[in-house]
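# Observations on the three-dimensional arrangement
The chain contents come next:
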Amino acid sequence: MFEPTTPIAGHGNVKTSQVAFLGLGHMGGPMAINLAKAGYAVTGFDVMPAALENAQAHNLATAESAAEAVASADVVITMLPSGKHLLDAYLGTDAQAGLLHAAAPGTLFLDCSTINVDEAREAAELAAAVGHRALDAPVSGGVVGAEAGTLTFMVGARLKDFEAVKPMLEVMGNRVVHCGEPGAGQAAKICNNMILGVSMIAVAEAFVLGEKLGLTHQALFDVASAASGQCWALTTNCPVPGPVPASPANRDYQPGFAGALMAKDLKLALNAIDRTGVAARLGPLAAEIYGRFAAKGGAGRDFSGIITDIRSSSEH
Ligand code: NAD
């Protein structure tokens, strides 16, 4: 069980972890609030006034600038939209001082955003070059998991750094997996979500084919869920209403996991495929399919809503 007085490893003289939390959006807001509720001294900052005001309404201490938030921090957590946002924040822009220089030497930088593997490695190298430590810890579990403190963290970090932040991650999540060195958390996240995107398309196509062949949804579900077609996309996030009452299909595809986020994660997987030269065919195809889904009205719908596109594009 976490005690607020637990020192961060490598900061033996620090009795209470001072946390700067940057990016108080849909995910970062509730994560920061959960940390503060658990006894950490959290100072939040966001470039959007509305996000700052929302955090303040939940009694989170906030700073006037990112530099002010990190100046006295032992740990800097970021939850930002993209790798460009992260690298700009670390290095600074005309509008904002760079966090790596604003922070005291030896600060632990923990990025929970979902970004390219290469960007995560670059961020860690930039931090190390000026005497900090850095980890990537992207999450799954969505806004519901962020609010409930039940996220899964996939962590890319040196073991010592992983152990230092693990108690903190266990406040915000209920599953914390050390995946390897910096960048490995992002790698695990995009590989997992590539499986998810491809498998959801396969499940949705199978249901539409079943419909054409006169098979009821329930019959296909009863067979496949107990046979070799079994997967999360079928048994938890079933794209047709009925067989799994809690799946988004039963509430007109309200997310859940939004199509925009699936499209984003598959694009990150595609970037990694291109860079590594892997002979993948289904991953890039899934990226294209979800890119189109997100661009044509599916961005805010659950990704299982892809079945409606497949059905409406099917002849007869
Ligand atoms: P969001 O857009 O709601 O929040 C991001 C916040 O970062 C915004 O409030 C923005 O103003 C702020 N920001 C941008 N640049 C900043 C800077 N330099 N300093 C301080 N704040 C800054 O996005 P979100 O849904 O919270 O997602 C955050 C990250 O988590 C993304 O990388 C996303 O892919 C990932 N993620 C999201 C979900 C989800 O369900 N929303 C699930 C898993 C992972």
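### Some details on unusual backbone geometry
At the junction of Pro-255 and Gly-256, the peptide bond is cis and its omega measures out at 10 degrees in the coordinates. Following the sequence through the fold, Gly-256 ends up in the loop between α11 (232–235) and α12 (259–276). Of note in the backbone geometry, Asp-252 takes a positive phi value of approximately 55 degrees without being a glycine. Since its relative accessible area comes to 60%, Asp-252 is described here as exposed. Of note, Tyr-253 is a non-glycine position whose phi angle comes to about 65 degrees, a positive value. Along the chain, Tyr-253 falls in the loop between α11 and α12.

### Some remarks on the packing of aromatic side chains
For the coordinates displayed, the defined rule picks out 4 aromatic pairs. Between Tyr-90 and Phe-109 the ring centres are 5.1 Å apart and the planes differ by 70 degrees, which places this aromatic pair in the edge-to-face class. With Tyr-90 in helix α4 (residues 83–91) and Phe-109 in strand β5 (residues 108–111), the pair connects residues that are 19 residues apart, well separated along the chain. The pair formed by Tyr-90 and Phe-109 is uniform in burial state, with each residue classed as buried. Judged by centre distance (6.1 Å) and plane angle (45 degrees), the rings of Tyr-290 and Phe-303 are tilted.

### Brief notes about the site of the ligand
Inspection of the region around the ligand gives 21 residues, with His-26, Met-27, Asp-46, Leu-80 and Lys-264 positioned closest. In this structure, an oxygen atom belonging to the ligand sits 2.8 Å away from a main-chain N or O atom of Met-27. Contacts to the ligand include Asp-46, whose side-chain N or O atom sits 2.6 Å from an oxygen atom. Grouping the constituent residues of the shell around the ligand by class yields 10 nonpolar, 8 polar and 3 charged.

### Quick notes on empty space enclosed by the protein
Scanning all chains against the criterion turns up 2 cavities of 30 Å³ or more. Taken as a whole, the largest cavity holds about 50 Å³ of empty space. Residue lining of the largest cavity: Leu-86, Tyr-90, Asp-111, Ile-115, Ala-120, Ala-123, Ala-124, Ala-134, Leu-135 and Asp-136, and that is the complete set. Elements represented by at least two residues in the lining of the largest cavity include exactly α4, α6 (117–129) and β6 (133–136). For the lining of the largest cavity, a count of residues per class yields 8 nonpolar, no polar and 2 charged.

Cut-off values and rules
- Residues numbered from 1 in each chain as written.
- Predicted model: local features only at pLDDT ≥ 70, side-chain atom pairs only at ≥ 80, totals over all residues.
- Heavy atoms only, no water.
- Helix = DSSP H or I, 4+ residues; strand = E, 2+ residues; numbered from the N terminus.
- Buried < 20%, exposed > 50% of the residue type's maximum accessible area, 1.4 Å probe, protein only.
- Phe/Tyr/Trp six-rings, centres within 6.5 Å; stacked < 30°, edge-to-face > 60°.
- Near = heavy atom within 4 Å.
- Polar contact = N/O pair within 3.5 Å; in protein donor to acceptor, adjacent residues only side chain to side chain.
- Nonpolar A, V, L, I, M, F, W, Y, C, P; charged D, E, K, R; others polar.
- 1 Å grid on protein atoms, 1.4 Å probe; cavity = no way out; pocket = protein on both sides within 12 Å on 5 of 7 lines; lining within 4 Å.
- Points joined across faces, edges and corners; volume = space filled by probe spheres on them.

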